[in-house]
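Reading the structure
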Amino acid sequence: MRRATVERSTAETRISATVNLDGNGVYEVSTGIGFLDHMLEQLSRHSLIDITLTAEGDLHIDGHHTTEDSGIVLGQAVSQALGERKGIWRYGSALIPMDETLSRVALDASNRPYLIWKVDFDRDKLGTMDTELFKEWFQAFAQNAGLTLHVENLYGTNNHHIVESCFKALARALREAIQIDPRKADAVPSTKGSL
């Protein structure tokens, strides 16, 4: 079973995350930031990764530490659950529409983290969450999950739709990349022999 639990405690946050990569998209998420909870629920549902994540952070300051650290912990849990990454498809991509919005994600679960972020917002906040924090979450997640991750909003005007389509596109691309290839289930998908 490809499962992992990661706990992280700092002076700013206390976060625990459990993932099951071969799940059914069942989630229990509580970060104290409503919009972030909604996005992590979308990530679970559309990737079919079961996610349990609880976070307590210094929200009296702002949402930065809780947002970034939740990306760190969830990314670490995904990476641990992938183990040596044997048998995975490795690559995944998705083009996700949401009403007037269209977003694209392409990723390589290569264990060489990198983020390309081509997403702009014309509002400072969604709910209580600063829109600038979405890039911080994707950066932390990509870095700690070991993903080369390209996220691009092609067009759209509704900021809620823009960010939600990005999370759903990540979910579908991740679902594709981490699935087991039955023809190479015992092999690491690299000519180097390791990722």
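Higher on the page you've got the structure.
Notes on the structure in this doc start here. (Residues numbered from 1 in each chain as written. Predicted model: local features only at pLDDT ≥ 70, side-chain atom pairs only at ≥ 80, totals over all residues. Heavy atoms only, no water.)

Overview of the side chain of serine 110
Counting through the fold element by element, serine 110 comes out in the loop between β6 (101-108) and β7 (114-118). Here serine 110 falls in the buried class, since its relative accessible area comes to 2%. Here arginine 112 takes part through its backbone nitrogen, which lies 3.1 Å from a polar atom of the side chain of serine 110. Ignoring sequence-local partners within four residues, the contact set of serine 110 consists of Arg85, Arg90, Gly146, Thr148 and Leu195. (Helix = DSSP H or I, 4+ residues; strand = E, 2+ residues; numbered from the N terminus. Buried < 20%, exposed > 50% of the residue type's maximum accessible area, 1.4 Å probe, protein only. Polar contact = N/O pair within 3.5 Å; in protein donor to acceptor, adjacent residues only side chain to side chain. Contact = heavy atoms within 4.5 Å.)

Quick notes on a nonpolar patch on the surface
Judged by side-chain polarity, Leu95, Leu154 and Tyr155 come together as a nonpolar surface patch covering roughly 290 Å² of accessible area. For leucine 154, the location among the structural elements is in strand β10 (residues 148-155). Classification of leucine 154 by relative accessible area gives partly exposed; the value is 31%. (Patch = residues over 30% accessible without salt bridge, like charges linked within 9 Å, V, L, I, M, F, W, Y side chains within 5 Å. Areas by Shrake-Rupley, 256 points an atom, 1.4 Å probe, with all protein chains shown as cover. Salt bridge = Lys/Arg side-chain N within 4 Å of Asp/Glu carboxyl O.)

Focus: the sheet that holds strand β5 (residues 91-98)
Strand order in the open sheet formed by 4 strands is β5-β6-β10-β7, and the pairing between neighbours is mixed. Both edges of this open sheet fall to β5 and β7, since each of them pairs with a single strand only. Along the sheet, successive strands turn relative to each other by an average axial angle of 10°, direction set aside. As judged from the 5 bridges shared by β7 and β10, these two strands associate in the parallel manner. (Pairing = 2+ DSSP bridges. Axes fitted to C-alpha atoms, helices over the stretch in contact; angles between N-to-C directions.)

Quick notes on the nonpolar core
Generally speaking, soluble globular proteins have nonpolar side chains that are buried together. Counting residues in each nonpolar core, the largest one holds 55 residues, and the members touching the most others are Leu74, Trp137, Phe138 and Leu149. In terms of residue count, helix α4 (residues 159-178) provides more of this core than any other element does, 11 residues in total. (Core = buried A, V, L, I, M, F, W, Y, C linked by side-chain atoms within 4.5 Å.)

Quick look at the sheet that holds strand β2 (residues 13-20)
Judged by pairing direction, the sheet is mixed, and its 4 strands sit side by side in the order β1-β2-β4-β3 without closing on themselves. Taken across any chain shown, the strands that pair with only one partner, and hence form the sheet edges, are β1 (3-9) and β3 (27-30). For this sheet, the mean angle separating the axes of adjacent strands, direction not counted, is 5°. Here β2 pairs with strand β4 (residues 50-57) via 8 bridges, running antiparallel. In the sheet register, asparagine 20 faces β4, and the bridge partner there is aspartate 50. Sheet strands touched by helix α1 (residues 34-47): β3 and β4. Its angle to β3, the strand with the most contacts, is close to 160°. On the sheet, helix α2 (residues 64-82) packs against β1, β2 and β4 and is oriented at approximately 35° with respect to β2.

What to know about the pairing of β2
Where β1 and β2 come together, 7 bridges link them in antiparallel fashion. From the neighbouring strand, valine 6 faces β2, where its bridge partner is alanine 17. Where β1 folds back on β2, the antiparallel hairpin that results is connected by 3 residues.

Examining the packing of α1 against α4
Contact pair α1 / α4: the axes reach a minimum separation of 8 Å and the direction vectors enclose 35°. For α1 against α4, the interelement crossing comes out right-handed. Where α1 abuts α4, its residues Phe35, His38, Met39, Leu40, Gln42, Leu43, His46 and Ser47 lie against His160, Val163, Glu164, Phe167, Lys168, Leu170, Ala171, Arg172 and Arg175. Looking at side-chain class alone, the contact of α1 with α4 contains 8 nonpolar, 5 polar and 4 charged residues. (Left-handed = near helix turned anticlockwise from the far one by under 90°. Nonpolar A, V, L, I, M, F, W, Y, C, P; charged D, E, K, R; others polar.)

Here's the deal with the pattern of salt bridges
Counted under the stated rule, the structure contains 8 salt bridges. Between lysine 86 and glutamate 84 there is a salt bridge, with the nearest N and O atoms lying 3.5 Å from each other. Of the residues examined, lysine 86 reaches a relative accessible area of 42% and is grouped as partly exposed. Overall, glutamate 84 belongs to the exposed group, its relative accessible area being 55%.

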